[in-house]
Amino acid sequence: MEAAEVVPPYSYWPRVCLDKYKTCTPTLPAPYQIVFCCFTCRVIGSCTSHSHHCNPYIGRIGRTRCHGTLLSNPFHQISLHCMVFFLAAPLAVPALVSAVSAAVACVAIWPIHSARAKQMEAEEAARKMETLVQMTTLVALSKASEAENSAKEARACLEELQRLSAEASRRADEARLAVERKWFEGVRPECRPSDEDISRMKERYHYSPGFIHIAVVGSAGAGKSSFINAVRGLSKNDPVAAPTGIVETTDTVTRYADPHQDSRMIWYDVPGSGTPNVSDWQYFNDMGLYIFDCIIVLTDNRVLESDLAILRACKPFKNIEAFIVRSKSDQHINNMVCEKMPQGFDPCDPDMDAETRSLFLLNKSEERQRFIDETSQSVQMHLEREKLPPRKVYVICMDGMLATANKIRSSRAIDEADLLSDVKGFVLKRLQSGC
């Protein structure tokens, strides 16, 4: 029975395989090649480049025996594990240290990274908030600018409205003062009558189509009734004559037909303006003078504001023809002559000597012409002041008008014939036009 061979200690394996590791394990690092070579030679019994005799003992022991002997020996297993560990430790420790260092670095860096991330998030949020604030500020500034512009425009509009209001108030005050002034002076502001007013006044005055309706107007005591009688050829004692007197005898508009045959004229005696019953500023509209075809304004000593108001009121009415008549001319001329005659002169003295009479007639001729000229100049001056067109002034006296109407020659007559001729010419023209 053969005795078992003694296997060399494990310290021999590295030395045996050191020369062969490059051939056995050319692709492994040096320590691993040695371990691999020794392991394959001792445990398995061969290496990659030597089928036998990597270890002289293996060949003698035999692969099967060696393999089974080594693997069955715990000491061999432990030794092999330790050898592998100690040979691999130099390589594993740096990797482990690197891993541990990386882990420690990660653990150490993580709070910093987290804080940095939070800081970046906060900065980003701050940037967004700053951008939002800037946009909000720009929008607010834009709206503030628009509001300021709107406020400026509103202030400008308000100032313009205040200016226009002040201007309107000023004009209203001026108009009110002008109206009040006219009222105090006896002139009523003119106004246009309505169609109802015209129809009502025509019915009231018995307006007859195909006739010419002539109104005689003027201040109280101007001699309107006497004029209507004279122009119709009637004396004050005639049964159909209009009543006359020193005071105003007409308190309502009175209608008088013309006594001449085939005459198309109807005369109206209108109450004088300036009486307690009819104020000057009520005269034209309240008397309904706008319905008449012709208006004769009769003046006495001077042209009154009420007379001018009537003429102004006639201007808008194209259908109204107006005449200005200066009445009682003989009385005014005699007064002017007497002022130039010696004291105590009486024009009605039957015992007047020839020299005095001759002087009286001379002065009367001179004063008559002066009276005519001054009357015309005075009336034209008033018309120009009121911006009214110039008109002829007919200077008459009642005796001269009565004589002229009855076709009697009179030394007192001045413009009576012209007045009658012009009135008849207007009547004929109006009738021919069909109005």
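Residues numbered from 1 in each chain as written. Predicted model: local features only at pLDDT ≥ 70, side-chain atom pairs only at ≥ 80, totals over all residues. Heavy atoms only, no water.

A word on the overall build of the chain
The criterion, for reference: Counting from the N terminus, the helices are the DSSP runs of H or I reaching at least four residues and the strands are the DSSP runs of E reaching at least two. In this scheme, a residue with accessible area under 20% of its type's maximum is buried, one over 50% is exposed, and one in between is partly exposed, where area comes from a 1.4 Å probe on protein chains only. Note on areas: Shrake-Rupley, 1.4 Å probe, and residue coverage restricted to the protein chains presented here.
Helix and strand counts for the chain stand at 14 helices and six strands. The buried share of the chain, taken over its 435 residues, is 35%. Counting every atom, the chain has about 26700 Å² of accessible surface; 58% of that belongs to carbon and sulfur.

A look at unusual backbone geometry
Phi is positive for His206, which is not a glycine, with a value near 55°. One can find His206 in the loop between helix H7 (195–204) and strand S1 (212–218). Since its relative accessible area comes to 53%, His206 is described here as exposed. Phi is positive for Asp262, which is not a glycine, with a value near 65°. Considering the arrangement of structural elements, one finds Asp262 in the loop between strand S2 (254–257) and strand S3 (265–269).

As for the pairing of strand S5 (residues 321–326)
Within a regular strand, the side chains alternate between the two sheet faces. This is how it is decided: For two strands to be treated as a pair, DSSP must find at least two bridges joining them.
Counted residue by residue, S5 has five buried out of six residues, so it is predominantly covered. Judged from the six bridges that link them, strand S4 (residues 294–299) and S5 form a sheet pairing that is parallel. Within S5, the position partnered with Thr299 by the bridge is Arg326.

Some words on the nonpolar core
When a protein is soluble and globular, its nonpolar side chains tend to lie buried together. Under the convention used in this document: Here, nonpolar core refers to any group of buried Ala, Val, Leu, Ile, Met, Phe, Trp, Tyr and Cys residues whose side-chain atoms link them within 4.5 Å. Any pair of residues with heavy atoms lying within 4.5 Å of one another is described as a contacting pair.
Core analysis: the biggest nonpolar cluster contains 31 residues, and Val217, Phe284, Leu289 and Ile295 have the highest contact counts within it. Taken together, the elements giving at least two residues each to this core come down to S1, S3, helix H9 (283–286), S4, helix H10 (305–314), S5 and helix H12 (354–385). Here this core gets five residues from one element, more than from any other, and that element is H10. If we skip the residues at most four places from it in the chain, Leu289 touches Ala215, Val217, Val270, Tyr283, Phe284, Ile295 and Ile320. By size, the runner-up hydrophobic cluster in this structure holds 26 residues, among which are Ile214, Val231, Ala242 and Tyr256.

A closer look at the side chain of Asn363
Positionally, Asn363 belongs in helix H12. Asn363 sits in the buried class, given a relative accessible area of 7%.

What about a nonpolar patch on the surface?
Keep this limit in mind: Note on patches: the residues involved have over 30% relative accessible area and no salt bridge, like charges join within 9 Å, and the nonpolar side chains Val, Leu, Ile, Met, Phe, Trp and Tyr join within 5 Å. Counted as salt bridges are all cases of a side-chain nitrogen of Lys or Arg within 4 Å of a carboxyl oxygen of Asp or Glu.
A cluster of nonpolar side chains, Leu96, Val100 and Val104, forms an exposed patch at the surface whose accessible area comes to about 280 Å². Of note, Val104 is situated in helix H6 (residues 74–185).

A short note on helix H13 (residues 398–405)
The buried fraction of H13 amounts to six of the eight residues, a majority that puts the element mostly inside the structure. Close packing links the buried residues of H13 with helix H8 (224–231) and helix H14 (416–433). Following H13 by one or two positions, Lys407 adopts a phi angle in the positive range, close to 60°.

Quick word on the confidence of the model for the chain
Heads up, the rule is: pLDDT measures how confident the predictor is about each residue, on a scale from 0 to 100.
Per-chain confidence: the chain averages 76 in pLDDT, with 71% of residues scoring 70 or above. Confidence drops under pLDDT 50 across residues 1–28; counting only partners more than four residues distant or on other chains, this segment forms 51 contacts. Contacts from residues 39–71, a stretch scored under 50 in pLDDT, to residues over four places away or in other chains number 66 contacts.

A look at a negative patch on the surface
Note the following rule: The sign given to each residue is positive for Lys and Arg and negative for Asp and Glu; His and the chain ends receive no count. The atoms used to mark charge sites are NZ of Lys, CZ of Arg, CG of Asp and CD of Glu.
Together, Asp346, Asp349, Asp351, Asp353 and Glu355 make up a negatively charged patch on the protein surface. In this structure, Glu355 sits in helix H12.

Focus: the sheet that holds S2
Definition in use: Simply put, an axis is a line fit to the C-alpha atoms, just over the touching stretch for a helix, and the angle between two N-to-C directions goes from 0 to 180 degrees.
With respect to topology, six strands assemble into an open sheet ordered S2-S3-S1-S4-S5-S6, the strand pairing being mixed. Looking along the sheet, the strands with just one partner apiece sit at the ends: S2 and strand S6 (393–395). On average, adjacent strands in this sheet sit at an angle of 25° to one another, irrespective of strand direction. Bridging between S1 and S4 involves five bridges; their strand directions are parallel. Within S4, the position partnered with Ala215 by the bridge is Ile295.

Re the pattern of salt bridges
Taken as a whole and assessed by the stated rule, the structure comprises 19 salt bridges. Where Lys152 meets Glu148, a salt bridge forms, and the shortest distance between an N and an O atom there is 3.9 Å. Of this pair, Lys152 and Glu148 both sit in helix H6, four residues apart, roughly one helical turn. On the basis of relative accessible area, Lys152 is assigned to the partly exposed category, the value being 44%. One salt bridge in this structure joins Arg170 and Glu174, with 2.5 Å as the shortest N-O distance. Here Glu174 and Arg170 lie together in helix H6, a separation of four residues that amounts to about one turn. Within this structure, Lys340, Glu366, Glu367, Arg370 and Glu374 form a network of salt bridges that share partners.

A closer look at the packing of aromatic side chains
Stated formally: Under the pairing criterion, centres of Phe, Tyr and Trp rings, with the six-membered ring standing for Trp, must be within 6.5 Å; the plane angle then separates stacked pairs below 30 degrees from edge-to-face pairs above 60, leaving the rest tilted. For a lysine, the NZ atom is tested; for an arginine, the CZ atom; a charge sits over a ring if that atom is within 6 Å of the ring centre and within 35 degrees of the ring normal.
Tallied over the entire structure, the rule returns seven aromatic pairs. Plain terms: the ring middles of Tyr205 and Phe292 are 5.7 Å apart, the flat faces sit at 25° to each other, and that makes the pair stacked. Remark: Phe292 occurs in the loop between H9 and S4 and Tyr205 occurs in the loop between H7 and S1; sequence separation between them is 87 residues. On the basis of relative accessible area, Tyr205 is assigned to the buried category, the value being 4%. Relative accessible area serves as the criterion here: at 0%, Phe292 is assigned to the buried category. Aromatic side chains Phe284 and Tyr290 sit 6.5 Å apart centroid to centroid with 55° between the ring planes, which places their arrangement in the tilted category. Here the two residues Phe284 and Tyr290 agree in accessibility, since each one is buried. Grouped by ring-pair contacts, the aromatic residues Tyr205, Tyr268 and Phe292 constitute a single cluster. Here Lys202 stacks its cationic end above the ring of Tyr207, 4.7 Å away from the centre of that ring.

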